[in-house]
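Fold and geometry: a report
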Amino acid sequence: MTSTTPTAERTVPAAGGSAPPPQGHPPRPDIQGLRAVAVGLVVLSHAGVSQVGGGYVGVDVFFVISGFLITSLLLRELATTGRVSLRSFYARRALRLLPASSLVIAVTLVGAWLFLSKARLAEYAGDALAGALYTLNFRLAAAGTDYLAQNSPPSPFQHVWSLAVEEQFYLVWPVLLLLTWRIARGRPGPVVVPLAALCALSFAAGVVVTDRSAPWAYFGSLTRVWELGAGALLALAAVRLRRLPAALAAALGWLGLVCVTVAALRYDDQTPFPGHHALLPVAGAVLVLAGGCVPTAYGAGRLLERRPLVWLGGLSYGWYLWHWPLLVITPAALGRADGTAGVPLALALSAVALALAWLTLRLVENPVRFHRAFRGRPRRALALGAALTASASALSLTATAVPPTIEVGDPAPALARALSGAPDPATRLTELLTASPTALPSNLAPPLPRVKSARSALYRDGCHVDRAATRPRSCVYGDRTSSRTVVLFGDSHAAQWFPALQRLAGARGWRLVPLTKASCKAADVTIVNLHKPYTACDTWRSRALERIRDLRPALVVVSSSDAGDPARPADDPLRQWTTGFEHTFRDLHTSGARVAALLDTPWPKGDPVDCAARNSLQLRACAHHLPEAIRDTTRGRAVRAAASTTGTTVIDPTPWVCAPRTGVCPVVVADTAVHRDDSHLSEAYARALAPVLAAPLDRLVGAP
């Protein structure tokens, strides 16, 4: 999913919350057909069919269907009995959802244990646990806002987030409906008011949060409730909708299908979603359901009630559950280097998932759901649901406690100790880079599974601000009373040096002030971020520069990633970036500080931690090489050009990451992993480099 988007992939439920109408109620085969259309769009999108880049809108369609069907069920119970049995309601949910989902979680966890990154098994097990407890959407939203985790491969459990949103809604909605029904004395009209208010609040939150935090907008419950609520409002109006003229009902149904189709074909990963863009697929689903309230011979049901679509709609829940784990795990099982499936393989795997969905329906879902042991016995159904949830949770915790073994070689020298005790740390580092281990050292510190999760105090304390922030945080480290202030300024590729600077600040008595922001370049150039001009960065940069002028520091260490494109591309990118860096460097010099510009570090080849886990005895297969490891040579040339005209000192960390003679950039040096992800240094490696970084900084600020 990500996030995409939250850089996570966008995934969708397949009507897991749906329930068939009770006996005596006219069936709606068109709804099964609509499910088939929605899940088909999702599967094609996940399979990489570029023409259906907006297939993720199926999530919205399914939410509307679920809200409509479940509310219709509750309303019929209220109209018949005057009450809602919450115990029976949740018993039906347990029988409908848990047998299949628990099976898929268990099989997926085994597949992840066998074939996916051994360094990330604990993360996957945590996703499985959150999926079993229907809280995965919160976990994914939090991970999506973690800048250092956004480029990680998708989790095989990521698709369960949408079921979590549904279940969170259904913890509240039946109770709210029952209370308002009693207050309104059985009149549907007054029940509409609180639900409509909730939908309005949710939609507004979705629009606002999409601009500020895309992961929370996409995965959050509050920003998605209005979609389920739209279906619920439609159910409350169902009696009146049955009086629509047949011609109008038919037109509504076809218009709704057009809306869903246009969204699926026109939207893509560049579309800020959900926000106001979610209106189109939600409105489309509402129109289809509304038009279907009046059976006509020429309405959308003429298409949706076709037998293949109705059959496929009946398998939508199982297909949804199975297709995503197969798409994520199978390429790794087949040994594909990039871990992804091409379109032909993805379509074949989707067909296999459909077969598994049919088997699951026949052998698991229906036998359990309609077993006479649970008929009229909600306590038994709830007990079964609790047992299945507990079993899936226990399996997840077991996988965390018993991770797969990563083969290791002989122990290696301790990098931090070797550099701290060396007369010439830079020369010693070159020796260690040249003699980097070919097998993962048995004393790797920290162990490989913990490299990604390690966070410096800068991140733990919230001092590295997110994309939405426009004001720098007031964070101070080192000797707070010192008269010698050092500022760290830039984006996350400046923040990666914080462990080294914090160590130096403690040893030299500096007052260390970090001013860093996610994806915000040091150069005075507006870039594109989340598909639009990153003006929040420009505002933050101006305020950070004002703060630095007020601080009057002795030294400013400035750095930023070579990634990111200008919002307004220029004919001469070198000149554009050079001018941007000149503006920033001159502003920094007005504070009276010495300025050190750290060039961006060489980038690894893919995800080095995952590669090292797969090739723990052949680490050279994961190494990158110069000059390919330099992300953008133009950016480095621009920094040097701007530095030469502003009196700024340039520090090139390339020899600290890649062996100078061979140009090899290893993933492990001595006992330490070099990178944490596909671009950032690991915390341990950055901290170990403090003695090497000290030499050029001491020349600027003065040795202790």
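The structure we're discussing is the one just above.
Residues numbered from 1 in each chain as written. Predicted model: local features only at pLDDT ≥ 70, side-chain atom pairs only at ≥ 80, totals over all residues. Heavy atoms only, no water.

So, the nonpolar core
Put simply, the rule is: Take the buried Ala, Val, Leu, Ile, Met, Phe, Trp, Tyr and Cys residues and link them wherever side-chain atoms come within 4.5 Å; each set so joined is a nonpolar core. Burial classes: relative accessible area under 20% of the type maximum marks a residue as buried, over 50% as exposed, and values in between as partly exposed (1.4 Å probe, protein chains only). The way it works is that DSSP assigns letters per residue, a run of H or I at least four long becomes a helix, a run of E at least two long becomes a strand, and they are numbered from the N terminus. Should any heavy atoms of two residues lie within 4.5 Å, those residues are considered in contact.
Of all hydrophobic cores here, the largest spans 110 residues; its most connected members are Leu34, Ile65, Trp161, Trp173, Leu289 and Trp319. Per element, the largest residue contribution to this core is 12 residues, and it comes from helix H2 (residues 58-81). Those residues in contact with leucine 289 that sit more than four places away from it in its chain are Arg28, Ile31, Leu34, Val64, Ile65, Phe68 and Leu234. Cys475, Leu555, Tyr685 and Ala694 belong to the second-largest nonpolar core, a separate cluster that totals 49 residues.

Focus: helix H15 (residues 316-333)
Quick note on the threshold: Helix span, expected: 1.5 Å multiplied by one less than the number of residues in the helix. Fitting axes to the seven residues that end at a residue and to the seven that start at it, the angle between those axes gives the bend at that residue.
Along its 18 residues, H15 runs 25 Å from first to last C-alpha, staying within 8% of the 26 Å computed at 1.5 Å per residue. In the structure, H15 departs most strongly from a straight axis at leucine 326, where the bend amounts to approximately 30°. Counting buried positions along H15 yields 16 of 18 residues, so the element is predominantly enclosed. Note on H15: the residue one or two positions beyond its end, glycine 335, has a positive phi of about 80°.

Some remarks on the pattern of salt bridges
What counts is decided by this rule: For salt bridges, the criterion is a side-chain nitrogen of Lys or Arg within 4 Å of an Asp or Glu carboxyl oxygen.
A full pass over the atoms with the stated rule returns 20 salt bridges. Of the charged contacts in the structure, one is a salt bridge between arginine 28 and aspartate 30, with a shortest N-O distance of 2.8 Å. Relative accessible area serves as the criterion here: at 18%, arginine 28 is assigned to the buried category. Its salt-bridge partner being arginine 635, residue aspartate 632 comes within 3.3 Å of it at the nearest N-O pair.

So, the side chain of aspartate 60
Put simply, the rule reads: Each polar contact in these results corresponds to two N or O atoms within 3.5 Å; when the atoms are within protein, one needs to be able to donate a hydrogen and the other to accept it, and residues that are neighboring in sequence are counted only if both atoms are side-chain atoms.
Its place among the elements puts aspartate 60 in helix H2. Engagement of the side chain of aspartate 60 in a polar contact is seen with the side chain of arginine 224, the distance being 3.0 Å. When residues no more than four places from it in sequence are discounted, the contact partners of aspartate 60 are Arg224, Glu227, Phe273, Ala278, Pro281 and Val282.

Notes on a nonpolar patch on the surface
Selection rule: Without a salt bridge and with relative accessible area above 30%, a residue can belong to a patch; like charges are then joined within 9 Å and nonpolar side chains (Val, Leu, Ile, Met, Phe, Trp, Tyr) within 5 Å. Only the protein chains shown count as covering a residue, and every accessible area follows the Shrake-Rupley method with a 1.4 Å probe.
Together, Val110, Trp113, Leu114 and Phe115 make up a nonpolar patch on the protein surface, roughly 370 Å² of accessible area in all. Structurally, leucine 114 can be placed in helix H3 (residues 86-115).

Comments concerning the state of the cysteines
Heads up, the rule is: Count a disulfide wherever a pair of cysteine sulfur atoms falls within 2.5 Å.
Per the stated rule, a full pass over the model turns up four disulfides. Note on cysteine connectivity: cysteine 611 is disulfide-linked to cysteine 622, with sulfurs 2.1 Å apart. Between cysteine 611 and cysteine 622 the sulfur-sulfur dihedral comes to about -90°; the bridge is accordingly left-handed. Of the two residues, cysteine 611 is situated in helix H26 (residues 608-614) and cysteine 622 in the loop between H26 and strand S9 (624-625); the sequence distance between them amounts to 11 residues. Side by side, cysteine 611 and cysteine 622 carry an identical accessibility label, which is buried. The connectivity of the disulfide-linked cysteines in the protein chain, indexed sequentially, is 1-2, 3-4, 5-6, 7-8. Not engaged in a disulfide, the cysteine cysteine 259 finds its nearest cysteine sulfur in cysteine 293; these two sulfurs lie 17 Å apart.

Regarding the packing of H15 against helix H16 (residues 343-369)
Quick reminder of the rule: Here an axis means a line fitted to C-alpha atoms, over the contact stretch when the element is a helix, while the angle between two N-to-C directions is reported on a 0 to 180 degree scale. Any angle between 65 and 115 degrees counts as roughly perpendicular, while under 35 counts as roughly parallel, over 145 as roughly antiparallel, and the rest as oblique. It is the rotation of the near helix from the far one that decides the hand of a crossing: anticlockwise by less than a right angle makes it left-handed, clockwise makes it right-handed. Side-chain classes follow a simple rule in which Ala, Val, Leu, Ile, Met, Phe, Trp, Tyr, Cys and Pro form the nonpolar group, Asp, Glu, Lys and Arg form the charged group, and the remainder, Gly included, forms the polar group.
Axis separation between H15 and H16 bottoms out at 8 Å; the angle between their running directions is 135°. When the axes of H15 and H16 are compared, the pair comes out oblique. Crossing geometry of H15 relative to H16 is assigned as right-handed. On the side of H15, the interface is formed by Tyr317, Gly318, Trp319, Trp322, His323, Leu326, Leu327 and Thr330, while H16 contributes Ala346, Leu349, Ser350, Val352, Ala353, Leu354, Leu356, Ala357, Thr360 and Glu365. For the contact of H15 with H16, the class distribution of residues is 12 nonpolar, five polar and one charged.

Focus on a positive patch on the surface
Our working rule: When charges are counted, neither His nor the chain ends are considered; positive counts come from Lys and Arg and negative counts from Asp and Glu. Positions of charges follow a simple convention, taking NZ of Lys, CZ of Arg, CG of Asp or CD of Glu.
Together, Arg83, Arg87, Arg182 and Arg379 make up a positively charged patch on the protein surface. Take arginine 83: it is sitting in the loop between H2 and H3.

Thoughts on unusual backbone geometry
With omega at 10°, the peptide bond leading from phenylalanine 273 into proline 274 counts as cis. Residue placement: proline 274 occurs in the loop between helix H11 (246-266) and helix H12 (279-291). Residue alanine 445 is joined to proline 446 through a cis peptide bond whose omega torsion reads -5°. Within the secondary structure, proline 446 sits in the loop between helix H19 (425-434) and helix H20 (448-451). Non-glycine residue arginine 552 carries a positive phi angle of around 50°. Looking at where arginine 552 falls in the secondary structure, it is placed in the loop between helix H24 (535-551) and strand S7 (555-559).

Quick word on the packing of aromatic side chains
The criterion, for reference: Any two of the Phe, Tyr and Trp rings considered here, Trp counted by its six-membered ring, make a pair once their centres fall within 6.5 Å; the pair's planes then place it as stacked at under 30 degrees, edge-to-face at over 60, or tilted in between. We call a charge positioned above a ring when the Lys NZ or Arg CZ atom is no farther than 6 Å from the ring centre and deviates by at most 35 degrees from the ring normal.
Counting across every chain of the model gives 18 aromatic pairs. Measuring from centroid to centroid gives 5.0 Å for phenylalanine 89 and tyrosine 90, while their planes differ by 75°, and the two rings are edge-to-face. You can call tyrosine 90 partly exposed: its relative accessible area is 23%. Between phenylalanine 89 and tyrosine 170, the ring centres sit 6.2 Å apart and the planes meet at 70°, which makes this aromatic pair edge-to-face. With a gap of 81 residues between them, phenylalanine 89 in helix H3 and tyrosine 170 in helix H6 (residues 161-183) connect regions that are remote in the sequence. Comparing phenylalanine 89 with tyrosine 170 shows no difference in burial state: the two are buried. The rings of Tyr56, Phe63, Trp161, Tyr218, Phe219, Tyr267 and Phe273 are connected pair by pair, giving a single aromatic cluster. One residue, arginine 224, lies across the ring of tyrosine 218, its end atom 4.6 Å from the ring centre.

Focus on the side chain of serine 72
With respect to the secondary-structure elements, serine 72 resides in helix H2. Accessibility expressed as a relative area gives 11% for serine 72, which makes it buried. At 2.7 Å, the side chain of serine 72 and the backbone oxygen of phenylalanine 68 are in polar contact.

The values are spatial; any link to function lies outside them.
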